[in-house]
Amino acid sequence: MKVLILGSGGREHALAWAVKQSERVTEVVCAPGNGGMAQIARCIPVDLKDLDALIGVALAEQPGLTIVGPELPLSLGIVNALREHGLRVFGPTREAAMLETSKAFAKRFLQRHQIPTGAYAVCTTAAEFEKEIENFHAPIVVKADGLAAGKGVLICPSRATAIEAAQGLFNGRLLGTAEQQVIIEEFLEGEEISFLCLTDGTHVAPLVPAQDHKRIGERDTGPNTGGMGVYSTDDMLEPAMKEWILHHIALPTVRGMAEEDTPFAGVLYCGLMMTARGPQVLEFNARFGDPETQAILMRLESDLVEALEACVDGRLSETELRWSPGASACVIASSGGYPGDYRTGYPITGLDDAGRVPGVQVFHSGTSRAGNQLLTAGGRVLGVTAAAPSLEEALSRAYEAMAEIHFDGIYYRRDIAHRARKKQP
Ligand code: AMP
Ligand code: GLY
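Residues numbered from 1 in each chain as written. Chains lettered and ligands numbered in written order. Predicted model: local features only at pLDDT ≥ 70, side-chain atom pairs only at ≥ 80, totals over all residues. Heavy atoms only, no water.

### Regarding the site of ligand 2
Then, number 1: By nearness alone, every residue bordering ligand 2 is listed as Asp 212, Lys 214, Gly 226, Tyr 269, Asn 285, Arg 287, Gly 289, Asp 290, Pro 291 and Glu 292.
Then, number 2: Asp 212 is positioned with one of its side-chain polar atoms (N or O) 2.8 Å from a nitrogen atom of ligand 2.
Then, number 3: The separation between a nitrogen atom of ligand 2 and a polar main-chain atom of Asp 290 is 2.9 Å.
Then, number 4: Taken together, the residues of the shell around ligand 2 sort by class into 2 nonpolar, 3 polar and 5 charged. (Near = heavy atom within 4 Å. Polar contact = N/O pair within 3.5 Å; in protein donor to acceptor, adjacent residues only side chain to side chain. Nonpolar A, V, L, I, M, F, W, Y, C, P; charged D, E, K, R; others polar.)

Right under this line is the structure:
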């Protein structure tokens, strides 16, 4: 079977790497792909914002399965369109992806189905915002309704700064386009967990849990990024807690979407805050996380394609995911200056030596190829990922490999999994 993967980041490189291991797969095609994916798959240039171009690639390639990586094509309705053309595609429809693409929709859905989440208000004007804000105490979380690539969430120390933030969202100063809806949220405290599940619209199969590190700076300081590193172990969630999340969050979400005639099939990414009053949903994503996927897939022992096909065909209950015990970790190497301004086009060296460290895979996030030379091509450049029997070993392997890699301005956090390491005796 030929598999088409849409996307160009580390998540898609990891998906291509895992898909290639399946006995069912004869060819992997990536659109547009990146410098790393080009080493293991055929890449076709395409603009991920251009729905017609994406449809064109799929129709020309006629893959047996298409996997949609990022949220943007989901929000444009790529899954609806490919299905109409009779193609098999893994991911939610545009309507189901609203769990990610509209935070107002997600909050109202959670409330309708009594799924745990923080208090909130949806506001459509600055005047309404100023009235509603009286019901919240600082710090106050202010969010844009729509997709904003991590830039749409503002944690405000006072009501006055929250009002200023909301004005900036409504008038377009903050994100470039004027928001129609701005959400006020209760500030939740605790540890964040990325709880990802595969679902066929009825059944749910959790993946191993992971913890992302969103801030650019060590000890979680500085601005938010797409994710600077992640780790996964079995003991980051007790079995009873995992069951609780499955039965009180993931399953009711999938059931609720089905009841509302917008069944959700694909990956349901539950972004959870583990608070004193239990796990609360911070947000949903309608796709695999990046860099969660790099660390999660390093621990998957069973066939990924088999599981994704089961989701598309509505027979997920017949498949079983098998995981290697132990741990994995992914450390992101980014361009100096990211998430602000940064330059690209710098040569990358040391990848062969990095790849020779046992248990290590280097997934490319933003790279391009010029002849034999690999160049930096994005803010997040590489995801150095390692699996090992213990978290300590996974981290030391990842950092050993990272030490081999060089490019101008390379920056990475040296404290990935600092919370877990602090807890260890
Ligand atoms: P989101 O894009 O909704 O995941 O938000 C980005 C990040 O902002 C999350 O990963 C959290 O670290 C933080 N965040 C979002 N909502 C809240 C909240 N209600 N309370 C505390 N932190 C939040
Ligand atoms: N790592 C967070 C995300 O994929 O949204």
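Structure shown, so let's carry the discussion forward.
### Points about empty space enclosed by the protein
Then, number 1: This model, assessed by the stated rule, comprises 3 cavities of 30 Å³ or more.
Then, number 2: If you add up the space inside the largest cavity, you get close to 80 Å³.
Then, number 3: What lines the largest cavity is a set of 13 residues, among which Lys 103, Ala 106, Leu 282, Glu 283 and Phe 284 lie closest to the centre.
Then, number 4: Of all the secondary-structure elements, those providing two or more residues to the lining of the largest cavity are helix 5 (98–101), helix 6 (103–112) and strand 17 (278–285).
Then, number 5: Looking at the lining of the largest cavity residue by residue, the class counts come to 6 nonpolar, 1 polar and 6 charged. (1 Å grid on protein atoms, 1.4 Å probe; cavity = no way out; pocket = protein on both sides within 12 Å on 5 of 7 lines; lining within 4 Å. Points joined across faces, edges and corners; volume = space filled by probe spheres on them. Helix = DSSP H or I, 4+ residues; strand = E, 2+ residues; numbered from the N terminus.)

### Here we look at the sheet that holds strand 19 (residues 360–364)
Then, number 1: An order of 12-15-18-22-19 is seen for the 5 strands of this open sheet, with the pairing classed as antiparallel. On the outer flanks of this sheet lie strand 12 (211–212) and strand 19, each paired with one strand and no other.
Then, number 2: Pairing of strand 18 (residues 327–334) with strand 22 (residues 380–388), which is carried by 8 bridges, proceeds in the antiparallel orientation. Each bridged residue has a counterpart across the sheet, and for Cys 330 the counterpart in strand 22 is Thr 385. (Pairing = 2+ DSSP bridges.)

### Topic: helix 11 (residues 304–313)
Then, number 1: Buried residues dominate helix 11, accounting for 7 of its 10 residues.
Then, number 2: Listing the buried residues of helix 11 in full gives Leu 304, Val 305, Ala 307, Leu 308, Glu 309, Ala 310 and Cys 311.
Then, number 3: The elements touched by buried residues of helix 11 are helix 1 (10–20), strand 4 (65–68), strand 5 (89–90), strand 10 (191–199) and helix 10 (292–298).
Then, number 4: Count one or two residues on from helix 11 and you reach Gly 314, which has phi positive near 70°. (Buried < 20%, exposed > 50% of the residue type's maximum accessible area, 1.4 Å probe, protein only. Contact = heavy atoms within 4.5 Å.)

### Let's talk about the pairing of strand 21 (residues 373–376)
Then, number 1: Across 4 bridges, strand 20 (residues 367–370) lies against strand 21 in antiparallel orientation. Residue pairing across strands places Thr 367 opposite Thr 376, the latter belonging to strand 21.
Then, number 2: The hairpin turn running from strand 20 into strand 21, its antiparallel successor, is 2 residues long, and Gly 371 in that turn takes a positive phi close to 65°.

### Topic: the site of ligand 1
Then, number 1: For ligand 1, the set of nearby residues contains 14 residues, the closest of which are Lys 143, Glu 186, Leu 188, Glu 192 and Glu 283.
Then, number 2: Take Lys 103: an N or O atom from its side chain is 3.1 Å from an oxygen atom of ligand 1.
Then, number 3: A distance of 3.0 Å separates a nitrogen atom of ligand 1 from a polar atom in the side chain of Glu 185.
Then, number 4: Out of a free accessible area of 470 Å², ligand 1 has 90% covered by protein chains.
Then, number 5: When its residues are assigned to classes, the shell around ligand 1 shows 7 nonpolar, no polar and 7 charged. (Areas by Shrake-Rupley, 256 points an atom, 1.4 Å probe, with all protein chains shown as cover.)

### Notes on the pairing of strand 17
Then, number 1: For strand 17, the tally of buried residues reaches 8 of 8 residues, placing the bulk of the element in the interior.
Then, number 2: Sheet analysis places strand 16 (residues 266–275) next to strand 17, joined by 7 bridges and oriented antiparallel. Opposite Leu 272, over in strand 17, you have Val 281 as the bridge partner.
Then, number 3: Between strand 16 and strand 17, which pair antiparallel one after the other, the connecting turn spans 2 residues.

### Focus on the nonpolar core
Nonpolar side chains in soluble globular proteins generally cluster together in the buried interior.
Then, number 1: Counting residues in each nonpolar core, the largest one holds 77 residues, and the members touching the most others are Ile 78, Leu 382 and Ile 405.
Then, number 2: Apart from the residues lying within four places of it in its own chain, the contact partners of Ile 405 are Ile 348, Thr 349, Gly 350, Leu 351, Ala 354, Val 362, Leu 382, Val 384 and Ile 410.
Then, number 3: Counting residues in hydrophobic clusters, the runner-up holds 43 residues, among them Leu 196, Val 208, Tyr 269 and Ile 332. (Core = buried A, V, L, I, M, F, W, Y, C linked by side-chain atoms within 4.5 Å.)

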